[in-house]
Amino acid sequence: MVKYSEDTIREVCTLRRKGLSYTNIGRRLGLSRGQALGLVYKHLLKINRHSYYKRSTATESIHDRDTRPSVPFVPGLSDTLWYKLKKKEG
């Protein structure tokens, strides 16, 4: 993980407030577009990506599997983590 200086972070946030694109910010400061975007999200917008995109553990998905909704059987589809498919009876 790269540590950025406070000056770099402040400059990225200032340039973004002025309306520059992430690509142009990166070119000016020697960063990639993704690095500039990440700094803005983390320091200017204060978005913690780990809280939004955390994964559930394998045990959680196994235990709640029977409580998920079921859909009628559709040829070509298979059982997924979202739905438990059953063959149509009758």
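Right, let's walk through the structure included here. Quick caveat, the model's predicted, so the values are computed rather than measured.

Quick word on the overall build of the protein
Inference 1: Along the protein, the regular secondary structure elements total 5 helices and 2 strands.
Inference 2: In the protein, the succession of helices and strands from N to C terminus is α-α-α-α-α-β-β.
Inference 3: Across the 90 residues of the protein, 16% fall into the buried class.
Inference 4: Sequence-distant contacts, at least 24 apart, represent 22% of the contacts inside the protein between residues at least 6 apart.
Inference 5: Accessible surface, the protein: about 7,800 Å² in total, of which carbon and sulfur atoms supply 54%.

Some thoughts on the packing of aromatic side chains
Inference 1: If you walk through the whole model with that rule in mind, you get 0 aromatic pairs.
Inference 2: Positioned above the aromatic ring of Tyr 22 is the side chain of Arg 16, whose terminal nitrogen or guanidinium carbon lies 4.1 Å from the ring centre.

A closer look at the packing of helix H1 (residues 6–17) against helix H3 (residues 33–44)
Inference 1: Remark: H1 packs on H3, axes separated minimally by 9 Å, with the N-to-C direction vectors making an angle of 90 degrees. The orientation of H1 with respect to H3, classified from their angle, is roughly perpendicular. Between H1 and H3, the contacting residues are Ile 9, Val 12, Cys 13, Arg 16 and Arg 17 on the first element and Ala 36, Leu 39, Val 40, His 43 and Leu 44 on the second.
Inference 2: Residues belonging to the contact of H1 with H3 are distributed by class as follows: 7 nonpolar, 1 polar and 2 charged.

Some words on the pattern of salt bridges
Inference 1: All chains considered together, the criterion is met by 1 salt bridge.
Inference 2: In this structure, the salt-bridge partner of Arg 10 is Asp 7, at a minimum N-O distance of 3.0 Å. On the criterion of helical spacing, the pair formed by Arg 10 and Asp 7 is a turn pair, its members being 3 residues apart in helix H1.
Inference 3: Residue classification places Asp 7 among the exposed positions, given a relative accessible area of 54%.

Some details on the nonpolar core
In globular proteins that are soluble, nonpolar side chains generally tend to be buried together.
Inference 1: Membership of the largest hydrophobic core is limited to 11 residues, which are Ile 9, Val 12, Cys 13, Leu 15, Leu 20, Tyr 22, Ile 25, Leu 31, Ala 36, Leu 39 and Val 40.
Inference 2: The set of elements that each furnish at least two residues to this core consists of H1, helix H2 (22–29) and H3.
Inference 3: Broken down by element, this core gets its largest block of residues, 4 residues, from H1.
Inference 4: Setting aside chain neighbours within four positions, we find Ile 25 in contact with Val 12, Leu 15, Arg 16, Leu 20 and Ala 36.

Thoughts on the environment of Ile 9
Inference 1: On the secondary structure map, Ile 9 appears in helix H1.
Inference 2: Along the backbone, Ile 9 and Val 40 are 31 residues apart, and their C-alpha atoms lie at a distance of 8.0 Å.
Inference 3: Every residue in contact with Ile 9, bar those within four places of it in the chain, is listed here: Tyr 4, Leu 39 and His 43.

Rules behind the numbers
- Residues numbered from 1 in each chain as written.
- Predicted model: local features only at pLDDT ≥ 70, side-chain atom pairs only at ≥ 80, totals over all residues.
- Heavy atoms only, no water.
- Helix = DSSP H or I, 4+ residues; strand = E, 2+ residues; numbered from the N terminus.
- Buried < 20%, exposed > 50% of the residue type's maximum accessible area, 1.4 Å probe, protein only.
- Contact = heavy atoms within 4.5 Å.
- Areas by Shrake-Rupley, 256 points an atom, 1.4 Å probe, with all protein chains shown as cover.
- Phe/Tyr/Trp six-rings, centres within 6.5 Å; stacked < 30°, edge-to-face > 60°.
- Lys NZ or Arg CZ within 6 Å of the ring centre and 35° of its normal.
- Axes fitted to C-alpha atoms, helices over the stretch in contact; angles between N-to-C directions.
- Parallel < 35°, antiparallel > 145°, perpendicular 65-115°, else oblique.
- Nonpolar A, V, L, I, M, F, W, Y, C, P; charged D, E, K, R; others polar.
- Salt bridge = Lys/Arg side-chain N within 4 Å of Asp/Glu carboxyl O.
- Core = buried A, V, L, I, M, F, W, Y, C linked by side-chain atoms within 4.5 Å.

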